[in-house]
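These are the residues of each chain, in order.
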Amino acid sequence: QVQLVESGGGLVQPGGSLRLSCAASERTFSSLNMAWFRQAAGAEREFVSTISWNGQTTDYADSVKGRFTISRDNAENTVYLQMNILKPEDTGVYYCAAKWLWAHWWSADGYDYWGQGTQVTVSS
């Protein structure tokens, strides 16, 4: 029943910015813990960032700290990932994920819902 739809990906040059959006179903979004994962070609899916259901707690992978910012607007049932100073190694498919429990947020295993992903390519 819970559906997640990502948008905002695209092709940008190194040093550029993108803002990803993830729209979720109205009835469940405000109680869900949300996260972003990404998967580069030939690599495993890795944790990028998470935000708790009430927006009071956030966490980031070391590789994106200081460059990416996660936020949510529960009134709009949307979570965002603002990505600045993008690097080629940020390239990959970015997935929005949701889970009911605030635990092991860094692991893709255990998330209850996933979007289909949006491609982010950082290249000159």
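The structure under discussion appears in the preceding block.
This section reports on the structure supplied with the text.

The rules behind the values
- Each chain has its residues counted from 1, following the order in which its sequence is written.
- pLDDT decides what is reported in this predicted model: residues at 70 or higher carry local features, side-chain atom pairs at 80 or more are listed and counted, and totals for whole chains, interfaces and linings draw on all residues regardless.
- Just so you know, side-chain values use all the structure's heavy atoms and leave hydrogens and water out.
- Residues grouped as a nonpolar core are buried Ala, Val, Leu, Ile, Met, Phe, Trp, Tyr and Cys residues, joined through side-chain atoms within 4.5 Å.
- Exposure is judged per residue with a 1.4 Å probe applied to protein chains only, and the accessible area is read against the type maximum: over 50% gives exposed, under 20% gives buried, and values in between give partly exposed.
- Helix and strand definitions follow DSSP, with helices as H or I runs of at least four residues and strands as E runs of at least two, each counted in order from the N terminus.
- Any two residues whose heavy atoms approach within 4.5 Å are treated as being in contact.
- Disulfides are defined as pairs of cysteine sulfur atoms found within 2.5 Å of each other.

1. With respect to the nonpolar core
Piece 1. Counting residues in hydrophobic clusters, the biggest one holds 32 residues, and the most contacted among them are Met34, Trp36, Val79, Leu81, Met83 and Tyr94.
Piece 2. Where this core is concerned, the elements lending two or more residues are β3 (18-24), β4 (33-39), β5 (46-51), β7 (68-73), β8 (78-83), β9 (92-99) and β11 (118-122).
Piece 3. When neighbours within four sequence positions are excluded, tyrosine 94 is seen to be in contact with Glu6, Leu20, Trp36, Phe37, Arg38, Val48, Phe68, Leu81, Met83, Gly117, Thr118 and Val120.

2. What to know about the state of the cysteines
Piece 1. For the structure shown, the criterion picks out one disulfide.
Piece 2. A sulfur-sulfur separation of 2.1 Å characterises the disulfide bridge that pairs cysteine 22 with cysteine 96. Taking the sign of the S-S torsion, -80° for the link of cysteine 22 and cysteine 96, the bridge is left-handed. Of this pair, cysteine 22 sits in strand β3 while cysteine 96 sits in strand β9, placing them 74 residues apart in sequence.
Piece 3. A relative accessible area of 0% means that cysteine 22 is categorised as buried.

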